[in-house]
Amino acid sequence: MKLVRFDGGRIGVHDGTLVHDIGEALGGDDRGAFPPVAMVRLIAAFDRLRPDIEALLASGRALSVPAASAGLLAPLPWPNKLMAYPVNYIDHAKEMNSTGYAHVQGYFLKANSSLSGPGEPIVLPALPGREIHHECELALVIGREGRDIPAERAREHIFGLSCLMDITIRGPEERVFRKSYDSFTPMGPWIITMDEVRGIDSLGMKLWVNGELRQSANTRDLLVGIEEMIVVASSASTLYPGDIIATGTPAGVGPIRGGDTVVIEIEQVGRMSLPVVQGKGGANRVFLRPPAGA
């Protein structure tokens, strides 16, 4: 299934043409709710709820709207954790002249509030003199709680996959701060459940800016593989349904500016196109000084 949030917080299934509202099978959605955790509840109870979802879809009772006008939102706006691995491709390490590999540094956290959806722009803070870069990544969505998960059981904890961008202000400041501005983690257009993916060891991924191919790689080139990322993360932190793990970006990162259009595509997972908008806010004393070497 391709699970989405749309139209102000409805939960739906995307069939490629239509989006079908499955709120009836779930007993509610995110409309008017805070925090917006309907998708987390669905993921946690998916095995139990799936027969009801399938029955609702087969009955024809579900509200259905054209996908093009559904108003897709971030599919998972309120995870317990948004985790990310740095420098997880050798070619990216070389272009950034970095030795802070994923197997050396472990994971870092981004603010959940940085998550945005396929219908929302990437809003750049007003930081003259600073480059803000795109990073193309695969998102793993956790489906089962676990701690100290062994490698041979790791894939059992993956619920689904999604496209994700890790937008980053370049500079020496704290990584989490530079990556946690609102809209700096676009994710979507849906979460595709693992039963619809033929394998995640060789998924191609690409990113374009204004039609120019900037990034092109494959998950087979990861330094820390899918299982090991789950092993490492769960050694420190209990993983919960709905947690997101961003798997790192390949070479080709580069600046984005207001007026650009960024497109990400991951084989078998999905594709989304986002406008980039130059915002007026976001300046603060941390970024008053130019980065070292500027």
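Residues numbered from 1 in each chain as written. Predicted model: local features only at pLDDT ≥ 70, side-chain atom pairs only at ≥ 80, totals over all residues. Heavy atoms only, no water.

The name an unreviewed UniProt entry assigns to the protein is Fumarylacetoacetate hydrolase family protein, from the organism Muricoccus vinaceus. According to UniProt, the comment filed for the protein under the heading Sequence similarities (unreviewed entry) is "Belongs to the FAH family." (UniProt positions renumbered as here; feature names shortened; annotations may be inferred.)

A. Summary view of the sheet that holds strand β10 (residues 132-134). Judged by pairing direction, the sheet is antiparallel, and its three strands sit side by side in the order β13-β10-β18 without closing on themselves. Every other strand in the sheet has two partners, leaving β13 (168-169) and β18 (254-255) as the edge strands with one partner each. In the sheet, β10 pairs with β13 via two bridges, with the strands oriented antiparallel. Bridged to Ile132 within β13 is Ile169. (Pairing = 2+ DSSP bridges. Helix = DSSP H or I, 4+ residues; strand = E, 2+ residues; numbered from the N terminus.)

B. Representation of the environment of Arg48 within the structure. Note that Arg48 resides in helix α3 (residues 46-59). For Arg48, a relative accessible area of 60% puts it in the exposed group. C-alpha of Arg48 to C-alpha of Leu76: the two residues are 28 residues apart in sequence and 20 Å apart in space. (Buried < 20%, exposed > 50% of the residue type's maximum accessible area, 1.4 Å probe, protein only.)

C. Representation of the pairing of strand β12 (residues 158-165). Counted residue by residue, β12 has eight buried out of eight residues, so it is predominantly covered. Where strand β11 (residues 136-142) meets β12, seven bridges bridge the pair, whose relative direction is antiparallel. Directly across from Cys136, in β12, lies its bridge partner Met165. As paired strands, β12 and strand β14 (residues 185-193) are joined by four bridges and run antiparallel to one another. The partner of Cys163 across the bridge, within β14, is Gly188.

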